[in-house]
Amino acid sequence: MRLRTLDVPVAGLPPELAGYRIVHLSDFHLGVPSRGRRAVRRAVEWAEERQSDLVCITGDLLTRPEGAEELRALMARLPGAVAVLGNHDVGHAKDPACKRSDHVDHGVTVLRDEAVRIGAVQVVGVDPGSYLRRTARPRELADPEAGLRILLCHFPGIRGDGFDLVLAGHFHDGQIAIPYGFGKLRLGELGIRHPRGLYGKLHVSAGLGTTFVPFRFFARPEATELVLQPA
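Residues numbered from 1 in each chain as written. Predicted model: local features only at pLDDT ≥ 70, side-chain atom pairs only at ≥ 80, totals over all residues. Heavy atoms only, no water.

## With respect to the sheet that holds strand 13 (residues 202-204)
Each strand in a sheet pairs with another by means of backbone hydrogen bonds, the pair being arranged parallel or else antiparallel. What counts is decided by this rule: What makes two strands pair is DSSP finding at least two bridges between them. Think of it this way: any DSSP run of H or I at least four residues long counts as a helix, any run of E at least two long counts as a strand, and we number them from the N terminus. To obtain each axis, a line is fitted to C-alpha atoms, and for helices this fit is confined to the stretch in contact; angles are then taken between N-to-C directions over 0 to 180 degrees.
In space, the six strands of this open sheet follow the order 6-7-8-9-13-12, with mixed pairing throughout. With one partner strand each, in any of the chains shown, strand 6 (114-118) and strand 12 (197-199) form the two edges of the open sheet. Each adjacent strand pair in this sheet contributes to an overall mean axis angle of 20°, direction not counted.

Shown next as structure tokens:
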């Protein structure tokens, strides 16, 4: 498992927000037997230890409702965390194990095409339903008066116009990958442009859980602390 800290340059970052720390978690996929459960528990422990300024979770918290109790216990350790849902949470996935869950709000603020203000920071969350229907309009929620505007969306394909930082997940870094040369062939997601890492103002988490098969291969689960710096 990878636990890492990453400096993120942000254009126009107010001096008082220099060094602002955000733990980014994604893709728990609780509710099904998987090695990912252990990774999720370790990531939550690490996030708790970091005592960062903000914890953001970008969807797919549950694959099945059976994981709701475990999710509730984990989120109780991260008071103030902000999350969005993913396609598995709403039962929209090819994975035959997936079942819609209605129990993801325990101890965490879930944004469904909504915004929340935390001091000088605004966080806007995109609902997976509106994203898939192509009706999401997060820019309309962006507050120009906020010192920092963060957009959460489960899918990396969201446009981040009007935001300083965009956080996403979904791809699991391919989950099953075959290394070759200086790269790797991601069998789970062939041809993806943003499998994991930082792409300008977009950070894509490799996530923690699994889907279809209960393991990863050359696609380590990860939790990341983003440390914002003036660009």
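## What to know about the nonpolar core
As a reminder, the rule being used: Working definition of a nonpolar core: buried Ala, Val, Leu, Ile, Met, Phe, Trp, Tyr and Cys residues. They are joined through side-chain atoms within 4.5 Å. Relative accessibility decides the category of a residue: with a 1.4 Å probe and only protein chains considered, values under 20% of the type maximum give buried, values over 50% give exposed, and everything between is partly exposed. Here, residues are in contact when the closest pair of their heavy atoms is within 4.5 Å.
Membership of the largest hydrophobic core comes to 26 residues, with the highest contact counts inside it found for Leu25, Phe28, Ile57, Met75 and Leu78. Breaking this core down by element, the ones donating at least two residues are strand 2 (21-25), helix 1 (36-50), strand 3 (54-58) and helix 2 (68-75). For this core, the leading source of residues is helix 1, giving six residues. Sequence-distant contacts of Leu78, defined by excluding residues within four places in its chain, comprise Leu25, Val44, Ala47, Glu48, Val55 and Gly107. Formed by 20 residues, the second largest nonpolar core is a distinct cluster that contains Val10, Cys56, Leu111 and Leu167.

## A closer look at the pattern of salt bridges
So the rule is basically this: Salt bridges are counted wherever a side-chain nitrogen of Lys or Arg sits within 4 Å of a carboxyl oxygen of Asp or Glu.
With the rule as written, the count across this model stands at 17 salt bridges. A salt bridge links Arg21 to Glu225; the nearest nitrogen and oxygen atoms lie 2.6 Å apart. In this pair, Arg21 sits in strand 2 while Glu225 sits in strand 14 (residues 222-230), placing the two residues 204 residues apart along the sequence. The exposure class assigned to Arg21 is partly exposed, which follows from its relative accessible area of 24%. Notably, a salt bridge pairs Arg139 with Asp161, separated by 4.0 Å at the nearest N-O pair. With Arg139 in the loop between helix 3 (128-132) and strand 8 (148-152) and Asp161 in the loop between strand 8 and strand 9 (165-168), the pair connects residues that are 22 residues apart, well separated along the chain.

## Observations regarding helix 1
As a reminder, the rule being used: For a helix, the expected span equals 1.5 Å multiplied by the number of residues minus one. Picture the helix axis, draw a direction to every C-beta atom, and the arc is the one those directions span.
Taking 1.5 Å of rise per residue, 15 residues should cover 21 Å, and helix 1 covers 21 Å from first to last C-alpha, within 8% of that figure. The complete set of buried residues in helix 1 reads Gly36, Ala39, Val40, Ala43, Val44, Trp46 and Ala47. For helix 1, the arc enclosing every buried residue in end-on projection is 160°, short of the 170-degree limit, so these residues lie on one face. Projecting away from the buried face of helix 1 at angles above 90 degrees are the exposed residues Arg38 and Glu49.

## Structural notes on helix 2
Looking at helix 2, one finds that the buried residues are Ala68, Glu70, Leu71, Leu74 and Met75. The buried residues of helix 2 occupy an angular sector of 160° when the element is viewed end-on, so they sit on one face. Buried-residue contacts for helix 2 involve helix 1 and strand 3.

## As for the layout of surface pockets
Defined as follows: Points on a 1 Å grid over protein atoms alone make up a cavity when a 1.4 Å probe fits among them but cannot get out, and a pocket when they form an open set with protein on both sides within 12 Å along at least five of seven lines; lining residues each have an atom within 4 Å of a point. Grid points are joined across faces, edges and corners, and a volume is the space filled by probe spheres set on the points. Only Asp, Glu, Lys and Arg are considered charged, only Ala, Val, Leu, Ile, Met, Phe, Trp, Tyr, Cys and Pro nonpolar, and every remaining residue, Gly among them, polar.
For the second largest pocket, the calculated volume is near 370 Å³. Across the lining of the second largest pocket, the residue classes tally to eight nonpolar, four polar and four charged.

## Topic: the environment of Asp113
The following threshold applies: Distance and chemistry together define a polar contact, namely a pair of N or O atoms within 3.5 Å, with one atom able to donate a hydrogen and the other to accept it when in protein, and with adjacent residues in sequence counting only for side-chain atoms on both sides.
By the element assignment, Asp113 lies in the loop between strand 5 (109-110) and strand 6. The exposure class assigned to Asp113 is partly exposed, which follows from its relative accessible area of 34%. For the pair Asp113 and Ala11, spaced 102 residues apart in the sequence, the C-alpha separation amounts to 25 Å. Looking at Asp113, its side chain comes within polar contact range of the side chain of Ser130, at 2.9 Å.

## Observations regarding the packing of helix 1 against helix 2
What counts here: Note on terminology: angles under 35 degrees are roughly parallel, angles over 145 are roughly antiparallel, angles of 65 to 115 are roughly perpendicular, and the others are oblique. Two helices crossing with the near one rotated counterclockwise from the far one by less than a right angle form a left-handed crossing, whereas a clockwise rotation gives a right-handed crossing.
Between helix 1 and helix 2, the least distance of the axes is 10 Å, while the angle of their chain directions is 20°. Relative to helix 2, the element helix 1 is oriented roughly parallel. The handedness of the crossing between helix 1 and helix 2 comes out as right-handed. Counting all contacts with helix 1, which are made through Arg37, Val40, Arg41 and Val44, the residues of helix 2 involved are Glu70, Leu74 and Met75. In terms of residue class, the contact of helix 1 with helix 2 is made up of four nonpolar, no polar and three charged.

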